[in-house]
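Below, each chain spelled out in residue letters.
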Amino acid sequence: MIEFRQVTKRYEQQFTALRGVSFALGRGEMAFLTGHSGAGKSTLLKLIMLMERATAGQVLVGGQALEKTPRRRIPYIRRHIGVVFQDHQLLFDRTVFDNVAMPLQVTGVPPNEIGRRVRAALDKVGLLKKEQLNPISLSGGEQQRVGIARAVVNKPPLLLADEPTGNLDPALSSEIMDLFREFSRVGVCVMVATHDIGLIETMAQRTLELSQGELVHDGLPAALETGH
Ligand code: ADP
Ligand code: ADP
(Lines give C-alpha, C1' and ligand atoms only; values in the text may rest on other atoms or scores of the structure.)
(Ligands and ions follow the chains in the order given, each with its own letter.)
Protein backbone atom coordinates (compact mmCIF):
# COMPACT_ATOMS: atom_id res chain seq x y z
CA MET A 1 0.00 0.00 0.00
CA ILE A 2 2.89 2.35 0.83
CA GLU A 3 6.39 1.83 -0.50
CA PHE A 4 9.42 4.07 -0.10
CA ARG A 5 12.44 3.31 -2.29
CA GLN A 6 15.57 5.16 -1.24
CA VAL A 7 13.61 8.34 -0.60
CA THR A 8 15.46 11.57 0.09
CA LYS A 9 13.74 14.86 0.84
CA ARG A 10 15.76 18.05 0.82
CA TYR A 11 14.12 21.37 1.67
CA GLU A 12 15.43 24.71 0.51
CA GLN A 13 18.79 25.75 1.92
CA GLN A 14 19.89 22.15 1.34
CA PHE A 15 18.43 20.88 4.61
CA THR A 16 18.00 17.10 4.30
CA ALA A 17 14.90 15.99 6.22
CA LEU A 18 14.89 12.39 4.92
CA ARG A 19 17.85 10.42 3.62
CA GLY A 20 17.63 7.15 1.66
CA VAL A 21 14.51 5.87 3.43
CA SER A 22 13.15 2.49 2.24
CA PHE A 23 10.29 0.39 3.62
CA ALA A 24 7.01 -1.15 2.51
CA LEU A 25 3.72 -1.36 4.38
CA GLY A 26 1.04 -3.66 3.01
CA ARG A 27 -2.75 -3.83 3.06
CA GLY A 28 -4.00 -4.55 6.58
CA GLU A 29 -0.60 -3.78 8.11
CA MET A 30 -0.17 -1.32 10.94
CA ALA A 31 3.05 0.44 11.90
CA PHE A 32 4.16 3.19 14.20
CA LEU A 33 6.42 5.94 12.96
CA THR A 34 8.61 7.33 15.70
CA GLY A 35 11.68 9.46 16.36
CA HIS A 36 12.57 12.67 18.14
CA SER A 37 11.16 16.02 17.15
CA GLY A 38 12.76 17.02 13.83
CA ALA A 39 13.56 13.41 12.87
CA GLY A 40 11.41 13.64 9.72
CA LYS A 41 8.07 12.06 10.71
CA SER A 42 5.86 14.84 9.38
CA THR A 43 7.92 15.08 6.21
CA LEU A 44 7.42 11.35 5.58
CA LEU A 45 3.63 11.68 6.04
CA LYS A 46 3.55 14.76 3.79
CA LEU A 47 5.25 12.81 0.99
CA ILE A 48 2.53 10.15 1.20
CA MET A 49 -0.20 12.81 1.15
CA LEU A 50 1.49 14.60 -1.77
CA MET A 51 1.89 17.77 0.28
CA GLU A 52 5.60 17.54 -0.52
CA ARG A 53 7.52 15.81 -3.30
CA ALA A 54 10.58 13.59 -2.87
CA THR A 55 13.90 15.08 -4.00
CA ALA A 56 15.21 11.63 -4.93
CA GLY A 57 13.92 8.05 -4.81
CA GLN A 58 10.34 6.83 -5.23
CA VAL A 59 7.20 6.95 -3.13
CA LEU A 60 4.47 4.52 -4.20
CA VAL A 61 0.93 4.56 -2.82
CA GLY A 62 -1.40 1.76 -3.90
CA GLY A 63 1.24 0.67 -6.41
CA GLN A 64 1.33 4.08 -8.07
CA ALA A 65 4.57 6.07 -8.23
CA LEU A 66 3.69 9.52 -6.93
CA GLU A 67 6.38 11.44 -8.81
CA LYS A 68 4.40 10.85 -11.99
CA THR A 69 1.15 12.17 -10.50
CA PRO A 70 -0.06 15.26 -12.34
CA ARG A 71 -1.24 18.09 -10.09
CA ARG A 72 -4.89 17.66 -11.10
CA ARG A 73 -4.87 14.03 -9.88
CA ILE A 74 -3.73 14.97 -6.35
CA PRO A 75 -7.22 15.57 -4.84
CA TYR A 76 -8.35 12.19 -6.21
CA ILE A 77 -5.39 10.39 -4.61
CA ARG A 78 -5.92 12.20 -1.28
CA ARG A 79 -9.50 10.95 -1.21
CA HIS A 80 -8.12 7.44 -0.70
CA ILE A 81 -6.15 8.48 2.37
CA GLY A 82 -7.80 9.05 5.74
CA VAL A 83 -5.91 11.46 7.97
CA VAL A 84 -6.21 11.92 11.75
CA PHE A 85 -4.58 14.94 13.39
CA GLN A 86 -3.54 15.60 16.98
CA ASP A 87 -5.95 18.51 17.32
CA HIS A 88 -8.64 16.59 15.35
CA GLN A 89 -9.65 19.81 13.50
CA LEU A 90 -13.38 19.45 14.16
CA LEU A 91 -15.76 22.30 13.40
CA PHE A 92 -17.68 23.47 16.44
CA ASP A 93 -20.42 25.23 14.47
CA ARG A 94 -22.04 21.94 13.43
CA THR A 95 -23.05 18.56 14.83
CA VAL A 96 -20.96 15.42 15.17
CA PHE A 97 -22.94 13.97 12.25
CA ASP A 98 -22.16 16.92 9.98
CA ASN A 99 -18.47 16.87 10.90
CA VAL A 100 -18.19 13.22 9.90
CA ALA A 101 -20.28 13.78 6.74
CA MET A 102 -17.96 16.51 5.39
CA PRO A 103 -15.67 14.33 3.23
CA LEU A 104 -18.73 12.71 1.62
CA GLN A 105 -20.46 16.01 0.88
CA VAL A 106 -17.37 17.27 -0.91
CA THR A 107 -17.45 14.28 -3.26
CA GLY A 108 -21.18 14.43 -3.98
CA VAL A 109 -22.39 11.22 -2.34
CA PRO A 110 -26.26 11.05 -2.35
CA PRO A 111 -27.92 12.10 0.99
CA ASN A 112 -29.36 8.69 1.94
CA GLU A 113 -26.00 7.08 1.30
CA ILE A 114 -24.33 9.80 3.42
CA GLY A 115 -26.60 8.98 6.37
CA ARG A 116 -25.83 5.29 6.11
CA ARG A 117 -22.09 5.76 5.83
CA VAL A 118 -21.82 8.37 8.59
CA ARG A 119 -23.73 6.10 10.98
CA ALA A 120 -21.54 3.12 10.04
CA ALA A 121 -18.43 5.20 10.83
CA LEU A 122 -19.84 6.55 14.12
CA ASP A 123 -20.86 3.02 15.07
CA LYS A 124 -17.27 1.81 14.57
CA VAL A 125 -15.93 4.42 17.01
CA GLY A 126 -18.79 3.90 19.50
CA LEU A 127 -20.44 7.31 19.10
CA LEU A 128 -23.69 6.49 17.34
CA LYS A 129 -25.76 7.99 20.17
CA LYS A 130 -23.96 11.33 20.00
CA GLU A 131 -24.50 12.17 16.34
CA GLN A 132 -26.72 15.20 17.02
CA LEU A 133 -24.47 16.77 19.67
CA ASN A 134 -22.05 19.57 19.06
CA PRO A 135 -18.51 18.16 19.37
CA ILE A 136 -17.66 20.91 21.86
CA SER A 137 -19.78 19.05 24.44
CA LEU A 138 -17.71 15.85 24.05
CA SER A 139 -14.63 14.77 26.00
CA GLY A 140 -11.15 14.94 24.42
CA GLY A 141 -11.15 11.20 23.71
CA GLU A 142 -14.60 11.38 22.14
CA GLN A 143 -13.58 14.32 19.97
CA GLN A 144 -10.62 12.34 18.71
CA ARG A 145 -12.96 9.43 17.90
CA VAL A 146 -15.13 11.80 15.86
CA GLY A 147 -11.94 12.79 14.00
CA ILE A 148 -11.27 9.11 13.32
CA ALA A 149 -14.84 8.52 12.11
CA ARG A 150 -14.42 11.42 9.70
CA ALA A 151 -11.11 9.98 8.47
CA VAL A 152 -12.62 6.55 7.71
CA VAL A 153 -16.09 7.56 6.45
CA ASN A 154 -14.85 7.26 2.86
CA LYS A 155 -13.50 3.78 3.68
CA PRO A 156 -9.98 4.70 2.60
CA PRO A 157 -7.53 1.81 2.12
CA LEU A 158 -4.91 3.92 3.90
CA LEU A 159 -5.17 5.67 7.27
CA LEU A 160 -2.47 8.07 8.50
CA ALA A 161 -2.39 9.57 11.99
CA ASP A 162 -0.04 12.34 13.15
CA GLU A 163 0.34 12.32 16.98
CA PRO A 164 -3.32 11.27 17.38
CA THR A 165 -3.02 10.83 21.15
CA GLY A 166 -0.87 13.88 21.90
CA ASN A 167 -3.55 15.43 24.10
CA LEU A 168 -4.93 12.26 25.70
CA ASP A 169 -4.09 10.35 28.88
CA PRO A 170 -2.65 6.80 28.63
CA ALA A 171 -5.96 4.93 29.05
CA LEU A 172 -7.68 6.94 26.31
CA SER A 173 -4.59 6.65 24.12
CA SER A 174 -4.77 2.86 24.31
CA GLU A 175 -8.42 2.93 23.33
CA ILE A 176 -7.62 5.03 20.27
CA MET A 177 -4.80 2.64 19.33
CA ASP A 178 -7.14 -0.35 19.69
CA LEU A 179 -9.46 1.37 17.22
CA PHE A 180 -6.62 1.74 14.72
CA ARG A 181 -5.77 -1.91 15.18
CA GLU A 182 -9.39 -2.87 14.43
CA PHE A 183 -9.22 -0.96 11.16
CA SER A 184 -6.02 -2.76 10.20
CA ARG A 185 -7.77 -6.08 10.94
CA VAL A 186 -10.38 -5.32 8.27
CA GLY A 187 -7.68 -4.59 5.68
CA VAL A 188 -6.84 -0.92 6.17
CA CYS A 189 -3.14 0.01 6.04
CA VAL A 190 -2.50 2.17 9.13
CA MET A 191 0.51 4.36 9.93
CA VAL A 192 0.61 6.22 13.25
CA ALA A 193 3.29 8.86 13.90
CA THR A 194 3.96 9.30 17.61
CA HIS A 195 6.81 9.91 20.01
CA ASP A 196 4.94 8.19 22.86
CA ILE A 197 7.41 5.33 23.46
CA GLY A 198 5.39 3.90 26.36
CA LEU A 199 2.34 3.55 24.15
CA ILE A 200 4.37 1.95 21.35
CA GLU A 201 5.82 -0.64 23.69
CA THR A 202 2.41 -1.68 25.05
CA MET A 203 1.11 -2.14 21.49
CA ALA A 204 3.91 -4.48 20.33
CA GLN A 205 3.48 -3.44 16.68
CA ARG A 206 5.93 -2.90 13.89
CA THR A 207 7.79 0.38 14.47
CA LEU A 208 9.71 2.52 12.00
CA GLU A 209 12.15 4.79 13.79
CA LEU A 210 13.68 7.86 12.19
CA SER A 211 16.76 9.62 13.48
CA GLN A 212 17.97 12.76 11.73
CA GLY A 213 16.15 11.73 8.58
CA GLU A 214 17.42 8.16 8.45
CA LEU A 215 15.43 5.00 9.08
CA VAL A 216 17.39 3.46 11.96
CA HIS A 217 14.93 0.74 13.05
CA ASP A 218 12.18 -1.30 11.37
CA GLY A 219 10.62 -4.07 13.45
CA LEU A 220 9.11 -4.62 16.87
CA PRO A 221 10.07 -1.95 19.42
CA ALA A 222 13.72 -2.51 20.42
CA ALA A 223 12.76 -3.21 24.06
CA LEU A 224 10.57 -6.14 22.95
CA GLU A 225 13.03 -7.60 20.44
CA THR A 226 15.55 -8.37 23.19
CA GLY A 227 12.94 -10.61 24.82
CA HIS A 228 11.97 -8.49 27.83
P1 ADP B 1 9.20 15.59 12.85
O2 ADP B 1 7.82 15.50 12.33
O3 ADP B 1 9.82 14.27 13.14
O4 ADP B 1 9.32 16.53 14.02
P5 ADP B 1 9.75 17.11 10.43
O6 ADP B 1 9.52 16.23 9.26
O7 ADP B 1 8.70 18.09 10.78
O8 ADP B 1 10.13 16.19 11.69
O9 ADP B 1 11.08 17.91 10.22
C10 ADP B 1 12.32 17.31 9.85
C11 ADP B 1 13.33 18.40 9.62
O12 ADP B 1 13.01 19.13 8.42
C13 ADP B 1 13.37 19.44 10.74
O14 ADP B 1 14.71 19.79 10.99
C15 ADP B 1 12.61 20.62 10.18
O16 ADP B 1 13.10 21.83 10.70
C17 ADP B 1 12.88 20.50 8.68
N18 ADP B 1 11.76 21.03 7.89
C19 ADP B 1 10.48 20.61 7.95
N20 ADP B 1 9.72 21.29 7.07
C21 ADP B 1 10.53 22.16 6.43
C22 ADP B 1 10.36 23.14 5.41
N23 ADP B 1 9.15 23.35 4.84
N24 ADP B 1 11.44 23.86 5.02
C25 ADP B 1 12.66 23.64 5.56
N26 ADP B 1 12.90 22.73 6.52
C27 ADP B 1 11.85 21.99 6.96
P1 ADP C 1 -20.69 -1.20 3.38
O2 ADP C 1 -19.52 -2.02 2.89
O3 ADP C 1 -22.00 -1.79 2.93
O4 ADP C 1 -20.56 0.26 3.06
P5 ADP C 1 -19.84 -0.77 6.13
O6 ADP C 1 -19.57 0.68 5.90
O7 ADP C 1 -20.48 -1.14 7.42
O8 ADP C 1 -20.76 -1.35 4.98
O9 ADP C 1 -18.42 -1.56 6.00
C10 ADP C 1 -18.33 -2.93 5.69
C11 ADP C 1 -17.01 -3.49 6.17
O12 ADP C 1 -15.89 -2.82 5.58
C13 ADP C 1 -16.84 -3.37 7.67
O14 ADP C 1 -16.48 -4.62 8.21
C15 ADP C 1 -15.73 -2.35 7.81
O16 ADP C 1 -15.09 -2.54 9.03
C17 ADP C 1 -14.89 -2.64 6.59
N18 ADP C 1 -13.93 -1.59 6.14
C19 ADP C 1 -13.05 -1.73 5.11
N20 ADP C 1 -12.31 -0.67 4.94
C21 ADP C 1 -12.67 0.23 5.89
C22 ADP C 1 -12.24 1.54 6.26
N23 ADP C 1 -11.26 2.19 5.64
N24 ADP C 1 -12.87 2.15 7.27
C25 ADP C 1 -13.85 1.52 7.91
N26 ADP C 1 -14.28 0.29 7.63
C27 ADP C 1 -13.71 -0.36 6.63
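Residues numbered from 1 in each chain as written. Chains lettered and ligands numbered in written order. Predicted model: local features only at pLDDT ≥ 70, side-chain atom pairs only at ≥ 80, totals over all residues. Heavy atoms only, no water.

Caption draft 1: Main features of the site of ligand 2. In the neighbourhood of ligand 2, the contacting residues comprise Arg116, Ala120, Lys124, Val152, Lys155, Pro156, Phe183, Val186 and Val188. In this structure, a nitrogen atom belonging to ligand 2 sits 3.1 Å away from a side-chain N or O atom of Lys124. At 2.7 Å from a nitrogen atom of ligand 2 is found a main-chain nitrogen or oxygen belonging to Pro156. In isolation ligand 2 offers 560 Å² of accessible surface; the protein chains occlude 61% of this area. Among the elements that make up the shell around ligand 2, the one with the highest residue count is helix α4 (residues 111–124) (3 residues). Considering only residue class, the shell around ligand 2 consists of 6 nonpolar, no polar and 3 charged. (Near = heavy atom within 4 Å. Polar contact = N/O pair within 3.5 Å; in protein donor to acceptor, adjacent residues only side chain to side chain. Areas by Shrake-Rupley, 256 points an atom, 1.4 Å probe, with all protein chains shown as cover. Helix = DSSP H or I, 4+ residues; strand = E, 2+ residues; numbered from the N terminus. Nonpolar A, V, L, I, M, F, W, Y, C, P; charged D, E, K, R; others polar.)

Caption draft 2: Inspection of the sheet that holds strand β2 (residues 16–25) at higher detail. With antiparallel pairing, the 4 strands of this open sheet are ordered in space as β2-β1-β4-β5. Strand pairing shows two members of the sheet lacking a second neighbour, β2 and β5 (64–65), which therefore form its edges. Relative to β5, strand β4 (residues 56–61) runs antiparallel, the two being bridged by 2 bridges. Bridge assignment links Val61 to a residue of β5, and that residue is Gln64. (Pairing = 2+ DSSP bridges.)

Caption draft 3: The site of ligand 1, seen in detail. Taken together, the neighbourhood of ligand 1 is formed by Tyr11, Phe15, Ala17, His36, Ser37, Gly38, Ala39, Gly40, Lys41, Ser42 and Thr43. Here an oxygen atom of ligand 1 sits 3.2 Å away from a polar atom, N or O, in the main chain of Ala39. Between an oxygen atom of ligand 1 and a side-chain N or O atom of Thr43, the distance comes to 2.6 Å. Compared with its free state, where it exposes 560 Å², ligand 1 has 65% of that area covered by protein. Of the residues assigned to the shell around ligand 1, the class counts are 4 nonpolar, 6 polar and 1 charged.

Caption draft 4: Spotlight on the packing of aromatic side chains. Going through the model one piece at a time under the given rule, you end up with 1 aromatic pair. Considering the side-chain rings of Phe4 and Phe23, the 4.8 Å spacing of their centres and the 20° angle between planes classify their relative orientation as stacked. Pair noted here: Phe4 is in strand β1 (residues 2–10) and Phe23 is in strand β2, with a separation of 19 residues, a long-range link. Judged by its relative accessible area of 2%, Phe4 is buried. The class for Phe23 is buried, based on a relative accessible area of 6%. (Phe/Tyr/Trp six-rings, centres within 6.5 Å; stacked < 30°, edge-to-face > 60°. Buried < 20%, exposed > 50% of the residue type's maximum accessible area, 1.4 Å probe, protein only.)

Caption draft 5: The arrangement of the pattern of salt bridges in detail. Counted according to the given criterion, the structure contains 12 salt bridges. In this structure, the salt-bridge partner of Glu113 is Arg117, at a minimum N-O distance of 2.9 Å. Here Arg117 and Glu113 lie together in helix α4, a separation of 4 residues that amounts to about one turn. Judged by relative accessible area, which is 24%, Glu113 ranks as partly exposed. Note that Arg206 is salt-bridged to Asp218, the shortest N-O span being 2.8 Å. Here the residue Arg206 occupies a position in strand β9 (residues 206–211), and Asp218 occupies one in strand β10 (residues 214–219), the gap between them amounting to 12 residues. On the basis of relative accessibility, which here comes to 18%, the residue Arg206 falls in the buried class. (Salt bridge = Lys/Arg side-chain N within 4 Å of Asp/Glu carboxyl O.)

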